[in-house]
Amino acid sequence: MYKKIFSIKWLMPLLLLTMSAVLQAAQVKDIRVGEQSGSTRLVFELDSSAEHRMFPLSNPDRIVLDISNSNISQQVVNSLSALSSDALLRVRYAKRDTGMRFVLDLSKKVKAKSSVLAASGDYGPRIMVELEYGAKKSEIAVVKSLASISDEKRDVVVVIDPGHGGKDPGALGQYKVREKDIVLSIGRELAKRLNAIQGIKAVMTRSTDEYLQLRDRSRIAREANADLLISIHADAFTKASARGASVWALSLSGKTSEMGRWLAQQEQATDLVGGISLDDKDQLLAEVLLDMSMNSTIQMSLDIGSKVLREMKTVAVLHKSSVQQAGFVVLKSPDIPSILIETGFVSNKTEAKNLSSGTYRRKLAASIATGVEEFFENNPPDGTYIAWRKQQKGGYTYTVSKGDTLSEIARKNGVSLDSLRSANTLRNDVIWVGQKLSIPAG
């Protein structure tokens, strides 16, 4: 007879212990940034130990930090955009398998190293990332901590990019209309109208007649921590009958219309080496870009574009009634929703005359601003004034994340547990990941 070696009764405690270890993810509770001349230090504070790996990427320069079996607190998410230093442009994050991926966008080349700090006193386990880029002169001092700025309510940042400029006049049309002048005028008016909306801040890539490479336009948007990039154009076509305004988003599939291919070639003709191409990167970078939810960014771009196009229809004749997609280089920022607006064809007499009119340009800019405002009123980014205002009015929706409890959600959103149960007709406190909860007015 075979001798009995294992029994389920003996094995169950071991299985339960193993499952518990797998399910209990570490949480990133806070991120602190300190700097001195020539050095920046980031400390990721966790509530339990977790393994990590770190590696650099270039074009553009950044550091990737993967923390295994972990998640991120909503408090950190709400305030992440506030972190920066002399070398650090911003910190981004994405869910990766069972852990978190943080990407540190850099303004200069650095030497990076990481280390693990054990729990001590009031602090839990920590992962420290040091960025060195010059001679050290003084002790590092904490300049920003997410825990201390979580109550700040930031503006939604919209970067407006008038195409061409300087030595590149863009399209030349009827009545001696130049594209670079038309789009700069519309861009300035759009910025003026967006800045008049409480909770929205407009940033111009160029506010004068200057030439910018496509890469510079994306860089300005990234440095501004943009929630949206709007590139404004007014093209010319070989047939004078071609007319109509249109809104474009990025296409990664390569499937686009003949007009889309032609417009993309025109936009890139003056800057063949600009922008961020997805086609020539190695597998590791392609994986990082994918992890940064490129498809999600494109979908958001399409949603914003639809709102803008619907408003533009009240002012302009449309070339297409839906948002089109093409491979515009200026739209290829994997982390920034981006749309390109063709305001019309200056090769068409009627549209050249319209675009030469200050009154028409102001109406067009107003329609674009209305579409942008409507989108962000319905979909405010976390941590913004618009999100806070919407929450105060009620009707704010919270998506349950891993590790959330009903009482913790009530506390974070400043409402009572009873009112949260009542607003969602909950008989008990059982919730699930992905569930949408209505947050009542505070």
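For the structure given in this document, a descriptive report is provided here. Here the residue numbers are simple positions, counted from 1 along each chain's written sequence. Only residues with pLDDT of 70 or above have their local features reported here, since the model is predicted, and side-chain atom pairs are shown and tallied only from 80 upward, although totals for entire chains, interfaces and linings are computed over all residues. Side-chain measures here rest on the full set of heavy atoms in the structure, leaving out hydrogens and waters.

### Looking at the overall build of the chain
Along the backbone of the chain there are 13 helices and 18 strands. Between buried and exposed lies partly exposed: a residue is buried under 20% and exposed over 50% of the maximum accessible area for its type, with that area taken using a 1.4 Å probe on protein chains only. Put simply, the chain has 442 residues, and 50% of those count as buried. Looking at the chain alone, contacts between residues at least 24 apart form 73% of all its contacts between residues at least 6 apart. Accessible areas in this description were obtained via Shrake-Rupley with a 1.4 Å probe; residue shielding takes into account the shown protein chains only. Looking at the chain as shown, the accessible area adds up to about 21700 Å², and 51% of this sits on carbon and sulfur atoms. For the purposes of this entry, the term helix denotes a DSSP run of H or I that reaches at least four residues, the term strand denotes a run of E that reaches at least two, and both are numbered from the N terminus. Residue contacts are counted whenever heavy atoms from the two residues lie within 4.5 Å of one another.

### Regarding the layout of surface pockets
Definitions used throughout: a 1 Å grid over protein atoms alone; a cavity as a set of points that fits a 1.4 Å probe which cannot get out; a pocket as an open set with protein on both sides within 12 Å along at least five of seven lines; a lining residue as one with an atom within 4 Å of a point. Grid points are joined across faces, edges and corners, and a volume is the space filled by probe spheres set on the points. Space inside the second largest pocket adds up to approximately 280 Å³. Lining the second largest pocket are 15 residues, with Pro60, Asp61, Leu106, Arg219 and Arg222 positioned closest to its centre. The set of elements that each furnish at least two residues to the lining of the second largest pocket consists of β7 (99-106) and α5 (214-223). No other element matches α5, which puts 6 residues into the lining of the second largest pocket. Classifying every residue of the lining of the second largest pocket gives 4 nonpolar, 3 polar and 8 charged. Note that Gly is not counted as nonpolar here; it falls among the polar residues with everything else outside the nonpolar set of Ala, Val, Leu, Ile, Met, Phe, Trp, Tyr, Cys and Pro and the charged set of Asp, Glu, Lys and Arg.

### A look at the sheet that holds strand β12 (residues 200-204)
Strand pairing is assigned whenever DSSP detects at least two bridges linking the two strands. With respect to topology, 6 strands assemble into an open sheet ordered β12-β11-β13-β16-β14-β15, the strand pairing being mixed. Edge positions in the open sheet fall to β12 and β15 (324-326), since each of these has one partner strand only. Ignoring which end each strand starts from, the neighbouring axes of this sheet average 30° apart. Bridge count for strand β14 (residues 246-250) against strand β16 (residues 338-345) is 3 bridges, and the pairing is antiparallel. By the bridge assignment, Val247 is partnered in β16 with Ile341. Contacting β11 (156-162), β12, β13 (228-235) and β16, helix α4 (residues 179-195) crosses the sheet at an angle of about 145° to β13. Angles here are taken between N-to-C directions and fall from 0 to 180 degrees, while the axes themselves are lines fitted to C-alpha atoms, restricted in helices to the stretch in contact.

### A word on the pattern of salt bridges
When a carboxyl oxygen of Asp or Glu is within 4 Å of a side-chain nitrogen of Lys or Arg, the pair counts as a salt bridge. With the rule as written, the count across this model stands at 21 salt bridges. Between Asp30 and Arg32 there is a salt bridge whose closest N-O contact spans 3.9 Å. Assigned by exposure class, Asp30 and Arg32 land together as buried. Here Arg41 ties to Glu130 by a salt bridge, and the two come within 3.2 Å at their closest N and O atoms. With Arg41 in strand β2 (residues 39-46) and Glu130 in strand β9 (residues 126-132), this pair connects stretches of sequence that are 89 residues apart. Exposure remark for Arg41: the relative accessible area of 27% places this residue in the partly exposed category.

### So, the nonpolar core
The biggest cluster of nonpolar side chains holds 63 residues, and the ones touching the most others in it are Val158, Leu194 and Ile230. Ranked by residues supplied to this core, first place goes to helix α10 (residues 358-378) with 8 residues. Dropping the residues within four chain positions of it, Val158 is found in contact with Leu194, Ile200, Lys201, Ala202, Val203, Leu228, Ile230, Val372 and Phe376. Take the buried Ala, Val, Leu, Ile, Met, Phe, Trp, Tyr and Cys residues and link them wherever side-chain atoms come within 4.5 Å; each set so joined is a nonpolar core. One finds Leu42, Leu46, Ile67 and Val77 within the second-largest nonpolar core, a separate group that totals 28 residues.

### Quick notes on unusual backbone geometry
Generally, phi is negative for residues other than glycine and the peptide bonds are trans, each holding for most cases. Cis geometry marks the peptide bond from Asn59 to Pro60, where omega comes out at 0°. Along the chain, Pro60 turns up in the loop between β3 (52-57) and β4 (62-67). Backbone geometry at Asn225 places phi at a positive 55°, although glycine is not the residue there. For Thr425, which is not a glycine, the phi torsion comes out positive at approximately 45°. Within the fold, Thr425 resides in the loop between α13 (417-423) and β18 (436-439).

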